[in-house]
Amino acid sequence: VQLQAFGGGLVQAGEFLKLSCVVSGFSVGVMAWYRRSPGKRGELVAQITNGGKTNYAAAVKGRFTISRNNAKRTMYLEMNGLRLEDTAVYYCNAERSSNGEWYDYWGQGTQVTVSS
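In this text, all values refer to a predicted model and were calculated from it rather than measured experimentally. (Residues numbered from 1 in each chain as written. Predicted model: local features only at pLDDT ≥ 70, side-chain atom pairs only at ≥ 80, totals over all residues. Heavy atoms only, no water.)

**Section: the pairing of strand 1 (residues 2-6)**
Where burial is concerned, the two faces of strand 1 differ: the one with Leu3 and Ala5 is buried and the one with Gln2, Gln4 and Phe6 is not. Of the strand pairs in this sheet, strand 1 and strand 3 (residues 17-24) are connected by five bridges, and their pairing is antiparallel. In the strand pairing of strand 3, Leu3 is matched with Val23. (Buried < 20%, exposed > 50% of the residue type's maximum accessible area, 1.4 Å probe, protein only. Helix = DSSP H or I, 4+ residues; strand = E, 2+ residues; numbered from the N terminus. Pairing = 2+ DSSP bridges.)

**Regarding the packing of aromatic side chains**
Applying the stated criterion across every chain yields a total of one aromatic pair. The ring centre of Tyr76 lies 4.5 Å from the NZ or CZ of Lys18, which sits over that ring. (Phe/Tyr/Trp six-rings, centres within 6.5 Å; stacked < 30°, edge-to-face > 60°. Lys NZ or Arg CZ within 6 Å of the ring centre and 35° of its normal.)

**Side note on the sheet that holds strand 3**
Here four strands make up an open sheet; going across it, the order is 1-3-8-7 and the pairing antiparallel. Where the open sheet ends on each side, the last strands, each with one partner, are strand 1 and strand 7 (64-69). On average, each strand axis in the sheet is tilted by 15 degrees relative to the strand beside it, whichever way the strands run. When strand 7 meets strand 8 (residues 74-79), the two strands line up antiparallel, connected through six bridges. (Axes fitted to C-alpha atoms, helices over the stretch in contact; angles between N-to-C directions.)

Below, the structure is given as structure tokens:
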């Protein structure tokens, strides 16, 4: 399984950005977006099950929307009302189970920079 994330960029505070993560290889289960800022620990931003059940970090709830299109094998993160503190490298993550084993996959990360 390979994940490729893209869509990051430089935006001003309050603007919108949409990230995408394309999956290739085996089908995956739960997918998620994580982020890491310099000097901070990585954190879960949002996750989504195969059936579309979602979960969000408190810091982004109401501003970010995670979704997936299983037919296109793509996960998205729509980020509204971006804040300076949203600046980070965003990573997509996916899980897969096979024969009782769990596998964890990561994309390469895409930089999101929010300026004032």
